[in-house]
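# Architecture at a glance
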Amino acid sequence: MSGNTGMEQLIPIVNKLQDAFTQLGVHMQLDLPQIAVVGGQSAGKSSVLENFVGRDFLPRGSGIVTRRPLILQLINSSTEHAEFLHCKGKKFVDFDEVRREIEAETDRVTGSNKGISNIPINLRVYSPNVLNLTLIDLPGLTKVPIGDQPVDIEAQIKGMIFQFIKRDNCLILAVTPANTDLANSDALKLAKEVDPQGVRTIGVITKLDLMDEGTDARDILENKLLPLRRGYIGVVNRSQKDIEGRKDIKNALAAERKFFLSHPSYRHLADRLGTPYLQRVLNQQLTNHIRDTLPALRDRLQKQLLTLEKDVDQYKHFRPDDPAIKTKAMLQMIQQLQSDFERTIEGSGSAQINTNELSGGAKINRIFHERFPFEIVKMEFDEKELRREIAFAIRNIHGIRVGLFTPDMAFEAIVKKQINRLKEPSLKCVDLVVQELSNVVRICTDRMARYPRLREETERIITTHVRQREQLCKDQLILLVDCELAYMNTNHEDFIGFANAAASSHNASAQQSSENSVKAGRHTLGNQVIRKGYMCIHNLGIMKGGSRDYWFVLTSESISWFKDEEEREKKYMLPLDGLKLRDLEQSFMSRRHLFALFNPEGRNVYKDYKQLELSCETQDDVDSWKASFLRAGVYPERATEQANGEGEGGTENQSSMDPQLERQVETIRNLVDSYMKIVTKTTRDLVPKAIMMLIINNAKDFINGELLAHLYASGDQSSMMEESPEEAQKREEMLRMYHACKEALRIIGDVSMATVSTPVPPPVKSDWLASGENPSLGLSPPSPGGPRRGVAQSMVPPASSRAPPPVPAGGRPAPAIPNRPGPGAPPPVRATPGLPPPLIPSRGGGLQQRVGQAATQAAANAAMNEMMDAFRIKRPVPNIPPRIPDRPYSGRLN
């Protein structure tokens, strides 16, 4: 397949772009435009399409030949053959056989009696001389059904045509025979409907050699009659006799060229007529499309190149067998590890900030200030069992004697037992911190993934050191608790007892101070906001869906929830006085973690509900909310509270037998609470400090100072710095992508230099289609430009002033009313032969016609002088502008 030279010149350009993008592994979609031919029956549409491709393969004849849409896909390939979608696997090498198969497939669906169908025939033509294009041959427009054609044949064909030409990437060839009236062209009308701006429409005039003698299509081809934005191109196709005589396309093109050069009306337009020029125009549209696609491709490649340059920078001069490069890479990675570890812990900022969850120093900070205090408060103790132990301790200390005073030893024994229970949350805090440190080390060594053995060895050395420090830290925390057990400092300034006070006043002071501290403890924060965030309420009514997310605001006195974070529509506010927390079991169908607020006295908390059921997506969020509730004075429920409530009567019966013992138990109980607050406060302060000093800061010092020495002492550095096969492949792939990207950018630059883009022609006055509802009037607009004969060039009014006056509502033009000259007015002016017609004043006083578009100022002044001579006004004429302003006519021109 050959015959379109312009297309053959575009093929190497497209192939270069395709090759460059194939090396990049990127799919380049040029999406070249489709080309559809639209026109009346037997207008020569198929011939125009064949001439563009340069090969005979479409059915030809009189009447309606194309009765089904033919979608012709041209595919660039090393071999030349054709394939039909309905004949999968069969290759057609002879194009005469292709034509016969098109005819047979058309008859198979539509019959042999001129029937039509909108089911397309899909034909693929593979050739080294074509671009990847889609050409669409459509049935011709017809109005009268014949044979088996349906009654609405016109509407069906129009719908079929619109289906293809309405796409934005479809070029429309509006084919019209020259021996028919152009004003009746349905092809132009259809193209105008889908392409009102005329950007995609090219007019094609066929059968110029069949026009009547003495007529020509010069005005049409010069774009003067019914102008189009992209104009008209005339072609001369082969006649049916030529086709039957096996006249090939090459000879047909030569005969077409000879016709245009020898015809007196087309000789001056010969370079812009004919099938070769149509090919050039369409190929230029393909070139324009390719060039329009190049900027987006260039931007895409430049972004990819910038991304690759950051990663390729370390690979540009990399040689796997160079030990110096391996040593340098090892030192750089250790330095990067030191920097990343310190940034992650200290929070000084990093390029890889986790935006999904807390990590590193932020996670450890939450463990210190939320999770650890919550674990301390959560310590279980049985109030009933505690009072029973205090009573037994007091009795055993008194022995056989009757005690008159509260013994100090009972207080000391009970406090030691409570202090000893602080070991568990302290050790758990260490475990949580070490777990997070291990995660930080694993994240920071991700940059070493290129060297798996180095990464494994680094993680092993750091983790081993952290585990050693973990055990040392736990020993120190146990020692800290043991120090608290060793000496009871009852002289502490926060302790409610006084060492030198009398026992009676001491007991009163203990009880009173304890009560005051409990009352004032909830309001030390004021009503400040503690936490905000989304939670889900589960015990809503069925009408509301059973559960819904709300925006919660927790303060030290209440918890409120709103519709969203804008906090405009408040749904409810719940006071926190007397409330406690309890965990709920996870439902079978839900993965959310549940907990509830309730009143221990059994009162309703929210509407008619005994508890407010809340949930979060993760357990960490639940623990964080619990810690925030703890700051607001809402404590978790202890598992033994219910049992205490049930057995409370027995205790009262037992203690009521000895009122003095009951007072002593209450005194010891208050003293224990007071002292435990001091110890808990000290523990909450010292445990994070000990962990920071013994584990975290020590780990930073170890990584900065001793890690490199341990790595050198651990074995052979060359084997440790061996690349993984995956990383070696990744490096080679990245370098290949980098060079291919640079090559693609160079090719795009070459293509931009080797091709020229043509601008879209300016819009033309194409309202003839909108107003041409009655084409039988036969009115054609005059040729644009050029004055009328007998009228001076300087006096030609512009196009806007040549329009006829508007017709009144009655449908008839208004009669002309002559003006009567007033007193002192000059006599009526009569036209003088050989001079331009005078300016006639209108009824409104303005000039009906204006002087327009004078070539030069001198010519305008000369014309004015001639007019004034005609009016017999002897007065010098000043320099006036080309346009005269509207003023009432007074017999003089100023």
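Remember, predicted model here, so these are calculated numbers, not experimental data.

Check the secondary structure of the protein chain and you find 25 helices and 16 strands. For the protein chain, contacts bridging at least 24 residues in sequence account for 73% of all contacts bridging at least 6. Approximately 49900 Å² of the protein chain is accessible, and the part contributed by carbon and sulfur atoms is 51%.

In this structure, strand S9 (residues 529-537) lies alongside strand S10 (residues 548-555), joined through 8 bridges in antiparallel fashion. Looking across to S10, one finds that Met 535 is bridged to Tyr 550. Where S9 lies against strand S15 (residues 611-616), 2 bridges are found, and the strand directions are antiparallel. Within the sheet, the bridge partner assigned to Ile 537 lies in S15 and is Leu 614.

Residues with a pLDDT of 70 or more make up 72% of the protein chain, whose mean pLDDT is 74. Note that residues 642-657 has pLDDT below 50 and, in this model, 6 contacts with residues that lie over four places away or in other chains. Within the model, the stretch residues 884-894 combines pLDDT values under 50 with 18 contacts to residues more than four positions away or in other chains.

The next thing to look at is the nonpolar core. Counting residues in hydrophobic clusters, the biggest one holds 68 residues, and the most contacted among them are Phe 341, Ile 419, Leu 454 and Ile 691. Of all the elements in the fold, those that place two or more residues in this core are helix H10 (323-346), helix H11 (361-377), helix H12 (383-398), helix H13 (408-420), helix H14 (423-444), helix H15 (452-486), helix H20 (659-705) and helix H21 (707-714). Examining the composition of this core, we find that 18 residues originate from one element, H20, more than from any other. Excluding residues that lie within four positions of it along the chain, Ile 691 makes contacts with Phe 368, Cys 429, Val 430, Val 433, Cys 473 and Ile 696. Judged by nonpolar contacts, the second largest core, of 39 residues, contains Ile 157, Phe 164, Leu 225 and Tyr 232.

Tallied over the full model, the rule gives 32 salt bridges. The shortest N-O distance in the salt bridge between Glu 412 and Lys 416 comes to 3.4 Å. On the criterion of helical spacing, the pair formed by Glu 412 and Lys 416 is a turn pair, its members being 4 residues apart in helix H13. Its relative accessible area of 34% is what places Glu 412 among the partly exposed residues. The exposure class assigned to Lys 416 is partly exposed, which follows from its relative accessible area of 32%. Linking Glu 567 and Lys 532 is a salt bridge whose minimum nitrogen-to-oxygen distance equals 3.1 Å. Taken together, the residues Glu 567 in the loop between strand S11 (558-562) and strand S12 (570-575) and Lys 532 in strand S9 connect sequence positions 35 residues apart. Classification of Glu 567 as partly exposed rests on a relative accessible area of 28%. Several salt bridges share partner residues, and in doing so they unite Arg 371, Glu 375, Lys 428 and Asp 623 into one network.

Relative to the assigned elements, Tyr 609 resides in the loop between strand S14 (593-598) and S15. Here Tyr 609 falls in the partly exposed class, since its relative accessible area comes to 31%. Sequence spacing of Tyr 609 and Asn 539 is 70 residues, and the spatial spacing of their C-alpha atoms is 8.0 Å.

Glancing now at the sheet that holds S14. As summarised here, the arrangement of the 8 strands in space is S12-S11-S10-S9-S15-S14-S13-S16, forming an open sheet in which the pairing is mixed. Pairing within the sheet leaves two strands with one partner each, and these edge strands are S12 and strand S16 (635-636). The pairing of strand S13 (residues 580-583) with S16 spans 2 bridges and is parallel. Each residue of the ladder has a partner; that of Lys 580, found in S16, is Tyr 635. Seen against the sheet, helix H17 (residues 619-631) touches S9, S10, S11, S13, S14, S15 and S16 and runs at an angle of roughly 135 degrees to S9.

Among the structural elements, Ser 624 can be located in helix H17. Relative accessible area serves as the criterion here: at 2%, Ser 624 is assigned to the buried category. Not counting residues within four places of it along the chain, the set of residues in contact with Ser 624 comprises Arg 366, Glu 370 and Arg 531.

Moving on, we come to the packing of helix H9 (residues 275-312) against helix H23 (residues 725-754). In contact at an axis separation of 9 Å, H9 and H23 are set at 150 degrees when each is read in the N-to-C sense. If you check the angle between H9 and H23, you find them roughly antiparallel. In the crossing of H9 with H23, the sense of the turn from one axis to the other is left-handed. Here Arg 291, Leu 294, Leu 297, Arg 298, Leu 301, Gln 302, Gln 304, Leu 305, Leu 308, Glu 309, Asp 311 and Val 312 of H9 come into contact with H23, specifically with Met 734, Leu 735, Met 737, Tyr 738, Cys 741, Lys 742, Ala 744, Leu 745, Ile 748, Val 751 and Ser 752.

Attention now moves to the packing of H10 against H15. Between two packed helices, what matters for the description is the angle formed by their axes and the separation of those axes. Here H10 crosses H15 at 40 degrees, and the two axes come no closer than 12 Å. As far as their axial angle goes, H15 and H10 are oblique. Viewed along their axes, H10 and H15 form a crossing whose handedness is right-handed. Note on element contacts: H15 touches H10 through Leu 454, Thr 458 and Ile 462, opposite Met 330, Met 333, Ile 334 and Leu 337.

Rules and cut-offs
Residues numbered from 1 in each chain as written. Predicted model: local features only at pLDDT ≥ 70, side-chain atom pairs only at ≥ 80, totals over all residues. Heavy atoms only, no water. Helix = DSSP H or I, 4+ residues; strand = E, 2+ residues; numbered from the N terminus. Contact = heavy atoms within 4.5 Å. Areas by Shrake-Rupley, 256 points an atom, 1.4 Å probe, with all protein chains shown as cover. Pairing = 2+ DSSP bridges. pLDDT = per-residue confidence, 0-100. Core = buried A, V, L, I, M, F, W, Y, C linked by side-chain atoms within 4.5 Å. Buried < 20%, exposed > 50% of the residue type's maximum accessible area, 1.4 Å probe, protein only. Salt bridge = Lys/Arg side-chain N within 4 Å of Asp/Glu carboxyl O. Axes fitted to C-alpha atoms, helices over the stretch in contact; angles between N-to-C directions. Parallel < 35°, antiparallel > 145°, perpendicular 65-115°, else oblique. Left-handed = near helix turned anticlockwise from the far one by under 90°.

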